[in-house]
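# Observations on the three-dimensional arrangement
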Amino acid sequence: MKKKIHELAHPWVRSLAVYEPGRPIEEVARELGFADAEEIIKLASNENALGPSPKAMTAMRRMVPRMHFYPDGGAFYLRRALAKRLDIEMNQIMTGHGSNEIIALLGQAFLKPGTNIVMADRAFVVYRLVADAFRAKTIAVPMQNFTHDLDAMLKAITPRTKLVFISNPNNPTGTMVDGAALDRFMRRVPKHVVVVLDEAYIELLPPEQQPDTLRYVREGRHVFVLRTFSKTYGLAGLRVGYAIGPHAGVELLNKVRQPFNVNAMALAAAAAALGDEKYVQRTRRMVANGLTQLEKGFAELGLDYVPSVVNFILVKVGRGRESCKALERQRVIVRPMDGYGLPEYVRVTVGLPRENAHFLRALKTVLKK
Ligand SMILES: *Cc1c(COP(=O)(O)O)cnc(C)c1O
(Lines give C-alpha, C1' and ligand atoms only; values in the text may rest on other atoms or scores of the structure.)
Protein backbone atom coordinates (compact mmCIF):
# COMPACT_ATOMS: atom_id res chain seq x y z
CA MET A 1 0.00 0.00 0.00
CA LYS A 2 1.23 3.43 -0.89
CA LYS A 3 1.43 5.71 2.14
CA LYS A 4 -0.42 9.01 2.18
CA ILE A 5 1.90 12.01 2.34
CA HIS A 6 0.98 12.90 5.93
CA GLU A 7 1.79 9.34 7.00
CA LEU A 8 5.37 9.97 5.93
CA ALA A 9 5.70 12.90 8.38
CA HIS A 10 6.64 12.83 12.06
CA PRO A 11 3.62 11.68 14.10
CA TRP A 12 4.13 14.57 16.53
CA VAL A 13 3.89 17.09 13.69
CA ARG A 14 0.62 15.53 12.53
CA SER A 15 -0.86 15.98 15.98
CA LEU A 16 0.04 19.69 16.33
CA ALA A 17 -2.81 22.15 16.87
CA VAL A 18 -3.20 24.98 14.38
CA TYR A 19 -3.45 28.60 15.54
CA GLU A 20 -6.99 29.92 15.20
CA PRO A 21 -6.77 33.51 13.94
CA GLY A 22 -9.51 36.12 13.95
CA ARG A 23 -11.72 35.48 10.91
CA PRO A 24 -10.70 37.59 7.92
CA ILE A 25 -13.13 40.29 6.80
CA GLU A 26 -13.20 38.98 3.22
CA GLU A 27 -14.23 35.50 4.34
CA VAL A 28 -17.09 36.74 6.51
CA ALA A 29 -18.25 39.19 3.81
CA ARG A 30 -18.34 36.35 1.28
CA GLU A 31 -20.26 34.12 3.65
CA LEU A 32 -22.87 36.79 4.34
CA GLY A 33 -23.15 37.67 0.67
CA PHE A 34 -21.72 41.20 0.92
CA ALA A 35 -19.83 42.29 -2.17
CA ASP A 36 -18.13 45.00 -0.17
CA ALA A 37 -15.74 44.02 2.61
CA GLU A 38 -16.17 47.52 4.05
CA GLU A 39 -19.55 46.43 5.39
CA ILE A 40 -17.85 44.18 7.92
CA ILE A 41 -16.33 45.50 11.15
CA LYS A 42 -13.40 43.47 12.42
CA LEU A 43 -12.78 43.76 16.16
CA ALA A 44 -11.11 40.39 16.41
CA SER A 45 -7.32 40.72 16.27
CA ASN A 46 -6.37 43.79 18.32
CA GLU A 47 -5.42 45.75 15.22
CA ASN A 48 -5.22 49.55 15.27
CA ALA A 49 -8.58 50.92 14.10
CA LEU A 50 -6.96 54.16 12.90
CA GLY A 51 -5.27 52.39 10.01
CA PRO A 52 -1.54 52.65 9.36
CA SER A 53 0.30 55.83 10.38
CA PRO A 54 0.32 58.40 7.53
CA LYS A 55 4.11 58.56 7.77
CA ALA A 56 4.32 54.78 7.26
CA MET A 57 2.04 55.00 4.24
CA THR A 58 4.24 57.66 2.63
CA ALA A 59 7.33 55.53 3.26
CA MET A 60 5.63 52.50 1.70
CA ARG A 61 4.65 54.43 -1.43
CA ARG A 62 8.24 55.55 -1.80
CA MET A 63 9.39 51.93 -1.64
CA VAL A 64 7.07 50.60 -4.35
CA PRO A 65 9.47 51.13 -7.31
CA ARG A 66 12.29 49.48 -5.35
CA MET A 67 10.60 46.14 -4.78
CA HIS A 68 12.86 44.31 -7.24
CA PHE A 69 15.71 44.60 -4.71
CA TYR A 70 16.14 42.21 -1.81
CA PRO A 71 15.69 43.92 1.54
CA ASP A 72 18.53 44.83 3.89
CA GLY A 73 18.87 41.48 5.63
CA GLY A 74 20.46 43.16 8.65
CA ALA A 75 17.63 45.71 8.99
CA PHE A 76 20.29 48.37 9.62
CA TYR A 77 18.17 51.53 9.50
CA LEU A 78 15.28 50.15 11.52
CA ARG A 79 17.62 48.76 14.17
CA ARG A 80 19.53 52.02 14.29
CA ALA A 81 16.28 53.97 14.77
CA LEU A 82 15.16 51.56 17.49
CA ALA A 83 18.54 51.65 19.23
CA LYS A 84 18.46 55.42 19.37
CA ARG A 85 14.89 55.59 20.55
CA LEU A 86 15.25 52.87 23.20
CA ASP A 87 18.78 53.78 24.30
CA ILE A 88 20.03 50.28 23.64
CA GLU A 89 22.92 48.95 21.51
CA MET A 90 22.12 48.07 17.89
CA ASN A 91 23.63 44.64 18.42
CA GLN A 92 21.06 44.00 21.15
CA ILE A 93 18.18 44.21 18.66
CA MET A 94 16.97 41.69 16.11
CA THR A 95 13.98 42.11 13.81
CA GLY A 96 11.50 39.41 12.92
CA HIS A 97 8.59 38.56 10.65
CA GLY A 98 6.27 39.71 13.38
CA SER A 99 7.21 38.97 16.97
CA ASN A 100 5.56 35.60 16.35
CA GLU A 101 8.56 34.59 14.27
CA ILE A 102 10.84 35.49 17.15
CA ILE A 103 8.83 33.29 19.52
CA ALA A 104 9.33 30.41 17.09
CA LEU A 105 13.06 31.19 16.79
CA LEU A 106 13.35 31.12 20.59
CA GLY A 107 11.79 27.67 20.46
CA GLN A 108 14.27 26.56 17.82
CA ALA A 109 17.21 27.91 19.79
CA PHE A 110 16.27 26.70 23.28
CA LEU A 111 13.68 23.90 23.23
CA LYS A 112 13.85 20.17 22.64
CA PRO A 113 12.10 17.07 24.03
CA GLY A 114 12.65 16.83 27.78
CA THR A 115 12.69 20.61 28.31
CA ASN A 116 9.74 22.78 29.29
CA ILE A 117 8.39 26.30 29.18
CA VAL A 118 6.52 28.09 31.97
CA MET A 119 3.65 30.38 31.06
CA ALA A 120 0.33 31.56 32.52
CA ASP A 121 -2.68 29.41 31.65
CA ARG A 122 -4.50 32.32 30.03
CA ALA A 123 -1.59 33.95 28.29
CA PHE A 124 -0.95 34.15 24.53
CA VAL A 125 -1.51 30.67 23.08
CA VAL A 126 1.38 30.91 20.59
CA TYR A 127 3.92 30.13 23.37
CA ARG A 128 2.30 26.75 23.88
CA LEU A 129 2.04 26.06 20.15
CA VAL A 130 5.74 26.76 19.71
CA ALA A 131 6.64 24.54 22.67
CA ASP A 132 4.51 21.77 21.11
CA ALA A 133 6.29 22.20 17.78
CA PHE A 134 9.63 21.52 19.47
CA ARG A 135 8.14 18.77 21.62
CA ALA A 136 8.82 20.65 24.84
CA LYS A 137 6.36 20.50 27.71
CA THR A 138 4.22 23.48 28.67
CA ILE A 139 3.75 24.19 32.36
CA ALA A 140 0.67 26.42 32.46
CA VAL A 141 0.36 28.29 35.76
CA PRO A 142 -3.13 29.44 36.81
CA MET A 143 -3.68 33.19 36.72
CA GLN A 144 -5.02 35.07 39.73
CA ASN A 145 -7.87 37.38 38.91
CA PHE A 146 -7.05 37.17 35.17
CA THR A 147 -3.49 38.34 35.95
CA HIS A 148 -0.09 36.61 35.80
CA ASP A 149 0.78 35.08 39.19
CA LEU A 150 4.54 35.61 39.08
CA ASP A 151 5.21 33.97 42.46
CA ALA A 152 3.42 30.82 41.34
CA MET A 153 5.30 30.92 38.04
CA LEU A 154 8.62 31.09 39.93
CA LYS A 155 7.61 28.05 41.94
CA ALA A 156 6.66 26.18 38.76
CA ILE A 157 10.17 26.50 37.27
CA THR A 158 12.04 23.19 37.17
CA PRO A 159 15.68 22.32 36.33
CA ARG A 160 14.42 21.54 32.81
CA THR A 161 12.71 24.88 32.28
CA LYS A 162 14.30 26.80 29.41
CA LEU A 163 11.92 29.68 28.73
CA VAL A 164 9.46 31.59 30.91
CA PHE A 165 6.95 33.68 28.94
CA ILE A 166 5.29 36.73 30.45
CA SER A 167 2.86 38.56 28.20
CA ASN A 168 2.68 42.07 29.64
CA PRO A 169 0.10 43.49 29.18
CA ASN A 170 -1.43 40.09 28.55
CA ASN A 171 -3.41 38.98 25.55
CA PRO A 172 -6.27 37.96 25.91
CA THR A 173 -7.03 39.23 29.43
CA GLY A 174 -5.89 42.86 29.00
CA THR A 175 -4.27 42.89 32.44
CA MET A 176 -0.69 43.68 33.40
CA VAL A 177 1.85 43.20 36.18
CA ASP A 178 3.72 46.30 37.34
CA GLY A 179 7.42 47.08 37.37
CA ALA A 180 7.81 46.25 41.07
CA ALA A 181 6.35 42.76 40.56
CA LEU A 182 8.62 42.21 37.56
CA ASP A 183 11.67 43.39 39.54
CA ARG A 184 10.86 40.94 42.29
CA PHE A 185 10.46 38.15 39.75
CA MET A 186 13.71 39.02 37.96
CA ARG A 187 15.63 39.07 41.25
CA ARG A 188 14.51 35.56 42.09
CA VAL A 189 14.40 33.78 38.73
CA PRO A 190 17.06 31.04 38.46
CA LYS A 191 20.03 31.67 36.16
CA HIS A 192 19.38 28.67 33.89
CA VAL A 193 16.12 30.20 32.66
CA VAL A 194 15.63 32.71 29.82
CA VAL A 195 12.80 35.16 30.54
CA VAL A 196 10.74 36.32 27.57
CA LEU A 197 8.81 39.52 28.23
CA ASP A 198 6.26 39.88 25.44
CA GLU A 199 5.36 43.56 25.31
CA ALA A 200 3.23 43.56 22.16
CA TYR A 201 0.95 46.27 23.60
CA ILE A 202 3.36 48.25 25.75
CA GLU A 203 3.34 51.44 23.64
CA LEU A 204 -0.40 51.80 24.25
CA LEU A 205 0.44 52.78 27.82
CA PRO A 206 1.61 56.31 28.59
CA PRO A 207 5.42 56.19 28.97
CA GLU A 208 5.30 56.70 32.76
CA GLN A 209 3.21 53.51 33.09
CA GLN A 210 5.55 51.33 31.02
CA PRO A 211 7.76 49.15 33.26
CA ASP A 212 11.45 49.75 32.51
CA THR A 213 12.23 46.24 31.30
CA LEU A 214 15.03 47.27 28.93
CA ARG A 215 17.03 47.81 32.09
CA TYR A 216 17.19 44.02 32.49
CA VAL A 217 18.87 43.80 29.08
CA ARG A 218 21.33 46.57 30.00
CA GLU A 219 22.09 44.69 33.23
CA GLY A 220 23.07 41.65 31.16
CA ARG A 221 20.31 39.35 32.35
CA HIS A 222 19.04 36.35 30.42
CA VAL A 223 16.03 38.13 29.02
CA PHE A 224 14.41 38.96 25.68
CA VAL A 225 11.89 41.78 25.42
CA LEU A 226 9.58 41.27 22.42
CA ARG A 227 7.80 44.13 20.70
CA THR A 228 5.89 44.56 17.48
CA PHE A 229 4.67 47.05 14.90
CA SER A 230 1.41 45.10 14.57
CA LYS A 231 -0.59 46.74 17.34
CA THR A 232 0.14 50.31 18.46
CA TYR A 233 1.86 51.11 15.15
CA GLY A 234 -0.95 49.72 13.01
CA LEU A 235 1.17 47.56 10.69
CA ALA A 236 -0.08 44.03 11.41
CA GLY A 237 -0.37 43.24 7.70
CA LEU A 238 3.31 43.90 7.09
CA ARG A 239 4.60 41.48 9.74
CA VAL A 240 7.38 43.20 11.63
CA GLY A 241 8.42 42.76 15.22
CA TYR A 242 11.66 42.82 17.16
CA ALA A 243 13.48 41.44 20.17
CA ILE A 244 15.77 43.30 22.53
CA GLY A 245 18.18 41.00 24.32
CA PRO A 246 21.82 40.40 25.19
CA HIS A 247 24.15 40.64 22.18
CA ALA A 248 25.04 36.94 22.46
CA GLY A 249 21.34 36.04 22.49
CA VAL A 250 20.63 38.18 19.43
CA GLU A 251 23.54 36.52 17.59
CA LEU A 252 22.05 33.15 18.44
CA LEU A 253 18.63 34.05 17.03
CA ASN A 254 20.27 35.49 13.92
CA LYS A 255 21.72 32.04 13.25
CA VAL A 256 18.32 30.40 13.09
CA ARG A 257 16.38 33.06 11.17
CA GLN A 258 16.01 33.27 7.40
CA PRO A 259 18.33 35.80 5.74
CA PHE A 260 15.56 38.17 4.57
CA ASN A 261 12.95 37.57 7.25
CA VAL A 262 11.61 41.14 7.20
CA ASN A 263 10.64 42.52 3.81
CA ALA A 264 11.76 45.90 2.46
CA MET A 265 8.31 47.49 2.59
CA ALA A 266 7.93 46.50 6.23
CA LEU A 267 11.37 47.84 7.18
CA ALA A 268 10.66 51.23 5.60
CA ALA A 269 7.16 51.52 7.06
CA ALA A 270 8.24 50.49 10.55
CA ALA A 271 11.09 53.01 10.65
CA ALA A 272 8.69 55.77 9.57
CA ALA A 273 5.96 54.73 12.01
CA LEU A 274 8.45 54.79 14.85
CA GLY A 275 8.84 58.52 14.36
CA ASP A 276 5.10 59.22 14.22
CA GLU A 277 4.55 60.30 17.80
CA LYS A 278 1.31 62.10 16.89
CA TYR A 279 -0.19 58.88 15.56
CA VAL A 280 0.76 56.98 18.73
CA GLN A 281 -0.87 59.66 20.86
CA ARG A 282 -4.01 59.61 18.73
CA THR A 283 -4.06 55.83 19.15
CA ARG A 284 -3.79 56.08 22.95
CA ARG A 285 -6.67 58.58 23.03
CA MET A 286 -8.83 56.42 20.77
CA VAL A 287 -8.21 53.38 22.96
CA ALA A 288 -8.92 55.21 26.24
CA ASN A 289 -12.17 56.67 24.89
CA GLY A 290 -13.17 53.39 23.28
CA LEU A 291 -12.63 51.43 26.49
CA THR A 292 -14.85 53.92 28.35
CA GLN A 293 -17.51 53.60 25.65
CA LEU A 294 -17.44 49.78 25.75
CA GLU A 295 -17.41 49.54 29.55
CA LYS A 296 -20.38 51.88 29.74
CA GLY A 297 -22.19 49.77 27.13
CA PHE A 298 -21.43 46.54 29.01
CA ALA A 299 -22.71 48.04 32.26
CA GLU A 300 -25.94 49.06 30.54
CA LEU A 301 -26.36 45.51 29.26
CA GLY A 302 -25.58 44.13 32.73
CA LEU A 303 -22.49 42.28 31.49
CA ASP A 304 -19.35 41.51 33.50
CA TYR A 305 -16.01 42.40 31.91
CA VAL A 306 -12.33 42.25 32.83
CA PRO A 307 -10.98 45.80 33.22
CA SER A 308 -8.34 46.28 30.53
CA VAL A 309 -5.32 48.55 30.09
CA VAL A 310 -5.02 47.94 26.33
CA ASN A 311 -6.98 47.95 23.05
CA PHE A 312 -9.12 44.89 23.68
CA ILE A 313 -11.38 43.69 26.46
CA LEU A 314 -12.91 40.43 27.66
CA VAL A 315 -16.66 40.53 28.18
CA LYS A 316 -18.81 37.77 29.62
CA VAL A 317 -21.67 37.15 27.22
CA GLY A 318 -22.67 33.60 28.15
CA ARG A 319 -22.15 31.26 25.21
CA GLY A 320 -19.10 32.85 23.63
CA ARG A 321 -18.67 30.88 20.43
CA GLU A 322 -22.36 31.04 19.57
CA SER A 323 -22.40 34.75 20.30
CA CYS A 324 -19.46 35.26 17.93
CA LYS A 325 -21.36 33.47 15.16
CA ALA A 326 -24.47 35.54 15.84
CA LEU A 327 -22.43 38.76 15.94
CA GLU A 328 -20.94 37.92 12.55
CA ARG A 329 -24.44 37.90 11.12
CA GLN A 330 -24.69 41.44 12.52
CA ARG A 331 -21.53 42.29 10.53
CA VAL A 332 -19.05 42.36 13.39
CA ILE A 333 -16.22 39.90 14.02
CA VAL A 334 -14.98 39.31 17.58
CA ARG A 335 -13.06 36.43 19.09
CA PRO A 336 -14.34 33.40 21.02
CA MET A 337 -12.32 32.50 24.12
CA ASP A 338 -13.12 28.81 24.68
CA GLY A 339 -9.58 28.01 23.55
CA TYR A 340 -8.40 29.89 26.65
CA GLY A 341 -10.79 28.04 28.95
CA LEU A 342 -13.18 30.99 28.96
CA PRO A 343 -16.20 29.69 27.01
CA GLU A 344 -18.48 32.37 28.42
CA TYR A 345 -16.33 35.25 27.22
CA VAL A 346 -15.56 36.98 23.94
CA ARG A 347 -12.63 39.30 23.33
CA VAL A 348 -13.41 42.50 21.51
CA THR A 349 -10.87 44.93 20.08
CA VAL A 350 -11.44 48.62 20.72
CA GLY A 351 -12.50 50.23 17.45
CA LEU A 352 -13.49 53.69 16.28
CA PRO A 353 -16.45 55.22 18.17
CA ARG A 354 -18.95 54.21 15.46
CA GLU A 355 -17.54 50.68 15.33
CA ASN A 356 -17.82 50.28 19.10
CA ALA A 357 -21.38 51.60 18.95
CA HIS A 358 -22.24 49.15 16.17
CA PHE A 359 -20.79 46.30 18.20
CA LEU A 360 -22.78 47.27 21.31
CA ARG A 361 -26.01 47.48 19.30
CA ALA A 362 -25.29 44.11 17.69
CA LEU A 363 -24.50 42.60 21.09
CA LYS A 364 -27.79 43.85 22.49
CA THR A 365 -29.65 42.29 19.57
CA VAL A 366 -27.80 38.99 19.92
CA LEU A 367 -28.33 38.76 23.69
CA LYS A 368 -32.07 39.37 23.31
CA LYS A 369 -32.49 36.32 21.08
C1 LIG B 1 -0.40 40.38 18.66
C2 LIG B 1 0.56 39.77 19.59
C3 LIG B 1 1.87 39.51 19.22
C4 LIG B 1 2.44 40.06 17.96
O5 LIG B 1 2.34 39.40 16.88
P6 LIG B 1 3.09 39.82 15.57
O7 LIG B 1 3.63 38.54 15.10
O8 LIG B 1 4.17 40.80 15.88
O9 LIG B 1 2.03 40.39 14.69
C10 LIG B 1 2.76 38.98 20.12
N11 LIG B 1 2.37 38.71 21.37
C12 LIG B 1 1.12 38.96 21.79
C13 LIG B 1 0.77 38.68 23.19
C14 LIG B 1 0.18 39.47 20.91
O15 LIG B 1 -1.06 39.69 21.32
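The structure under discussion appears in the preceding block.
So, here's what we can say about the structure.

With that out of the way, let us pick up the overall build of the chain. Check the secondary structure of the chain and you find 14 helices and 13 strands. Here the C-alpha atoms of the chain give a radius of gyration of 21 Å, agreeing with the 21 Å that 2.2 N^0.38 yields for 369 residues. Counting only C-alpha atoms, the chain reaches 60 × 55 × 50 Å along its principal axes. Here the chain holds 369 residues, and 51% of them are scored as buried. Here the contacts in the chain between residues at least 6 apart in sequence split such that 72% fall between residues at least 24 apart. Just so you have it, the chain exposes about 17700 Å², and 53% of that area is on carbon and sulfur atoms. Taking the average place of the 53 positive charges on the side chains of the chain and the average place of its 36 negative ones, the gap between the two points comes to 3 Å.

If you trace the 7 strands from one edge of the open sheet to the other, you get 2-8-7-6-5-3-4, paired in mixed fashion. Two strands close off the open sheet at either side, each with one partner strand: strand 2 (93-96) and strand 4 (137-141). Across this sheet, the average inter-strand angle for adjacent strands is 20 degrees, counted without regard to direction. Alignment of strand 7 (residues 223-228) against strand 8 (residues 241-244), held across 4 bridges, turns out to be antiparallel.

This part takes up the sheet that holds strand 13 (residues 345-349). Strand order in the open sheet formed by 4 strands is 9-10-13-12, with antiparallel pairing between adjacent strands. Only two strands of the sheet have a single partner each, and these edge strands are strand 9 (305-306) and strand 12 (335-336). Pairing of strand 10 (residues 312-316) with strand 13 involves 5 bridges; the strand directions are antiparallel. Across the sheet, residue Phe312 finds its bridge partner in strand 13, namely Thr349.

Let's shift gears to the packing of helix 12 (residues 277-300) against helix 14 (residues 353-368). It is the contact of helix 12 with helix 14, at a shortest axis distance of 10 Å, that shows an interaxial angle of 15 degrees. As far as their axial angle goes, helix 14 and helix 12 are roughly parallel. As for the relative orientation of helix 12 and helix 14, their crossing is right-handed in sense. On helix 14, the residues that touch Gly290, Gln293, Leu294, Gly297 and Phe298 of helix 12 are Pro353, Asn356, Ala357, Phe359, Leu360 and Leu363. For the contact of helix 12 with helix 14, a count of residues per class yields 7 nonpolar, 4 polar and no charged.

Let us look at the nonpolar core. Counting 83 residues, the largest nonpolar core has Ile166, Phe185, Val195, Phe229 and Ile244 as its most contacted members. Examining the composition of this core, we find that 9 residues originate from one element, helix 11 (residues 264-274), more than from any other. Viewed by domain, this core spans two of them, domain 1 (5-51 + 278-368) and domain 2 (54-274), each represented by three or more residues. Beyond its immediate sequence surroundings of up to four residues, Ile166 is in contact with His148, Leu150, Met153, Leu182, Phe185, Val195, Val196, Leu197 and Asp198. Formed by 29 residues, the second largest nonpolar core is a distinct cluster that contains Leu291, Phe298, Ile313 and Cys324.

Definitions and limits used
- Every chain begins its residue count from 1, and numbering advances along the sequence as written.
- Only residues with pLDDT of at least 70 get local features here, since the model is predicted, and only at 80 or more are side-chain atom pairs given and counted; chain-wide, interface and lining totals rely on the full set of residues.
- Note: side-chain values were computed over all heavy atoms of the structure, leaving out hydrogens and water.
- A run of DSSP states H or I qualifies as a helix once it reaches four residues; a run of E qualifies as a strand once it reaches two. Both are numbered from the N-terminal end.
- With C-alpha atoms as the basis for the radius of gyration, the globule rule is written as 2.2 Å multiplied by the number of residues raised to the power 0.38.
- Relative accessible area decides the class of each residue, using a 1.4 Å probe on protein chains only: under 20% of the type maximum gives buried, over 50% gives exposed, and in between gives partly exposed.
- The contact definition used throughout considers only heavy atoms, calling two residues in contact when any of these lie within 4.5 Å.
- The Shrake-Rupley method, run with a 1.4 Å probe sphere, supplies the accessible areas, and residue values consider only the shown protein chains as cover.
- Working convention for charge: Lys and Arg count positive, Asp and Glu count negative, and His plus the chain ends are omitted.
- Lys charges are placed at NZ, Arg charges at CZ, Asp charges at CG and Glu charges at CD.
- At least two bridges found by DSSP between two strands are what make those strands a pair.
- Geometry is summarised by axes, namely lines fitted to C-alpha atoms with helices restricted to the contacting stretch, and by angles between N-to-C directions that run from 0 to 180 degrees.
- Roughly parallel here means an angle under 35 degrees, roughly antiparallel means over 145, roughly perpendicular means 65 to 115, and every remaining angle is called oblique.
- Should the near helix be turned counterclockwise from the far one by less than a right angle, the crossing is left-handed, whereas a clockwise turn marks it as right-handed.
- Three categories are distinguished: nonpolar for Ala, Val, Leu, Ile, Met, Phe, Trp, Tyr, Cys and Pro, charged for Asp, Glu, Lys and Arg, and polar for the others, with Gly belonging to the last.
- Nonpolar cores are built from buried Ala, Val, Leu, Ile, Met, Phe, Trp, Tyr and Cys residues. Side-chain atoms within 4.5 Å join them into one set.
- Note that the domain bounds reflect an automated or database-derived domain assignment.

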